[in-house]
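The primary structure of each chain is shown beneath.
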Amino acid sequence: MTGARPTLAAGVFLLLLARPGAPRAAPADSDCLACHTPDLARADGRPLGQDLGGFAGSVHGQAGLSCVDCHADLAAVEEFPHAEDLAPAQCASCHAEAVEMHAASVHARPGASGAACADCHGAHEILPAKDAASRTYHLTLPQTCGRCHADETKMGTRAAVPALFADSIHGQALSRRGLVVAPNCATCHGSHAVHRAADAESPVHHARVAATCGNCHQGIRTEYDGSVHAAAVRDGKPGAACSDCHSAHGIKETLPAWRLEVARECGSCHEESIRTYRDGFHGQASTLGYTRVATCADCHGAHGILPDEDPRSRVAAANRVATCARCHPGANARFAAFDPHADPHDQTRSRPVYYTALFMKVLLAGVFAFFGIHTALWFPRSWKERRRHRGGPDAGREETRAEDDKA
């Protein structure tokens, strides 16, 4: 070691260990700190010092734990200074269940992409999760996760996820409003047993997303569970789970401007329906930016969407008048007969619209054909008139006289 000399306590401790027949006791914290001070270093220049300023106030310090309680192999060291390569602190000696869950998680992967206990909780300054200064405090956890998940060298393109969450309604509720009831990373992904979304055990697996979101949004989950989308997810079909419509991390607040995005979200799966919606009055108005016009959720519902043939559906034949009346007071059965998805290309669905569109096409073609023929017949006459005017008045009279002589 280089730098300052070892303290007297360290020297006495080493002499006691070396005395023949002396009982060997586990070193005390003061014995460890005799060498692990900021002013000492190894032979290669690496510092021996440890920042233990926060240990006394940590959860371990308050519980009366010593260095050898975590660094257990130090109790069996035969001579000091001990070897440089010691086993890392074994958290499992006290936190067996948490360590077992972590070992099966995505964070247990070897290499730079993994995360050990100290990466999230800290080393010597570990505080209870309820302490506002803790790395795992509810409002602070997104920043702790972001230490790795915002690193492009570790996460690649997924490094944008922390920023998306920070701008979302959930992230804003945590950082700007300080709401401890708002979800953080662990609320959805878990704390120690974090798995990939493709893993069936993960809380964010496609089949389990609704249950995870329903832990907070219980009323909406009850409504969603009876919907056509939930039935498709349960059957293993690509139905719409919460994250399919709202996204996973960049969830936005349902402000009026967000209504304009509803049709686009629904259209990502219902391509034919969004095409016919865009051709209608409602779709044209929404394209122009009007937020008070009806979108998909206004007619079909948001979470409890049911098939048309279900008598509880908003668009069932018996319920259409009431659905239209939500925006159009005084609507009657004739008004409700309006088809917002009328297709001018589908004769079986929209016969009047189909023949009206066909008539307009024929009329347009006829108008262009008539004026095309008219232009073609008029062209020789106009060409002669241009030639006559180009030669002046005398040339015009001579040409007229020549034509009269021929006659």
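Predicted, not measured: the structure shown is a model, and the values here were computed from it.

### A few points about the pattern of salt bridges
Alright, step 1. Going through the model one piece at a time under the given rule, you end up with 11 salt bridges.
Alright, step 2. Residue Arg221 is joined to Asp225 by a salt bridge in which the shortest nitrogen-to-oxygen separation is 3.5 Å. Here Arg221 pairs with Asp225, and both are found in helix H13 (residues 218-225), just four residues apart, close to one helical turn.
Alright, step 3. Its relative accessible area of 35% is what places Arg221 among the partly exposed residues.
Alright, step 4. Residue classification places Asp225 among the partly exposed residues on the basis of a relative accessible area of 31%.
Alright, step 5. Between Asp279 and Arg275 there is a salt bridge whose closest N-O contact spans 4.0 Å. Residue Asp279 and its partner Arg275 are both found in helix H17 (residues 271-279); the two are separated by four residues, about one turn of the helix.
Alright, step 6. Overlapping salt bridges, with partners in common, bring together Glu272, Arg275, Asp279 and Asp343 in one network.

### Observations regarding H17
Side chains of residues three or four places apart in an α-helix project in the same direction, reflecting 3.6 residues per turn.
Alright, step 1. The complete set of buried residues in H17 reads Ile274, Thr276 and Tyr277. Viewed along the axis of H17, the buried residues span an arc of 165 degrees, placing them on a single side of the element.

### Considerations on the side chain of Thr295
Alright, step 1. As for its placement among the helices and strands, Thr295 is situated in the loop between helix H18 (281-287) and helix H19 (296-300).
Alright, step 2. Take Thr295: its relative accessible area is 5%, and that puts it in the buried class.
Alright, step 3. When near neighbours in sequence (up to four residues on either side) are disregarded, Thr295 contacts Arg259, Val262 and Tyr277.

### A few points about the nonpolar core
Alright, step 1. One finds Val209, Ala210, Tyr224, Ala230, Val233 and Ala241 forming the largest nonpolar core, which totals six residues.
Alright, step 2. Once you skip the residues sitting within four places of it in the chain, Tyr224 turns out to touch Ala210, His229, Ala230, Val233, Ala240, Ala241 and His303.

Cut-offs and rules
- Residues numbered from 1 in each chain as written.
- Predicted model: local features only at pLDDT ≥ 70, side-chain atom pairs only at ≥ 80, totals over all residues.
- Heavy atoms only, no water.
- Salt bridge = Lys/Arg side-chain N within 4 Å of Asp/Glu carboxyl O.
- Helix = DSSP H or I, 4+ residues; strand = E, 2+ residues; numbered from the N terminus.
- Buried < 20%, exposed > 50% of the residue type's maximum accessible area, 1.4 Å probe, protein only.
- Arc of directions from axis to C-beta.
- Contact = heavy atoms within 4.5 Å.
- Core = buried A, V, L, I, M, F, W, Y, C linked by side-chain atoms within 4.5 Å.

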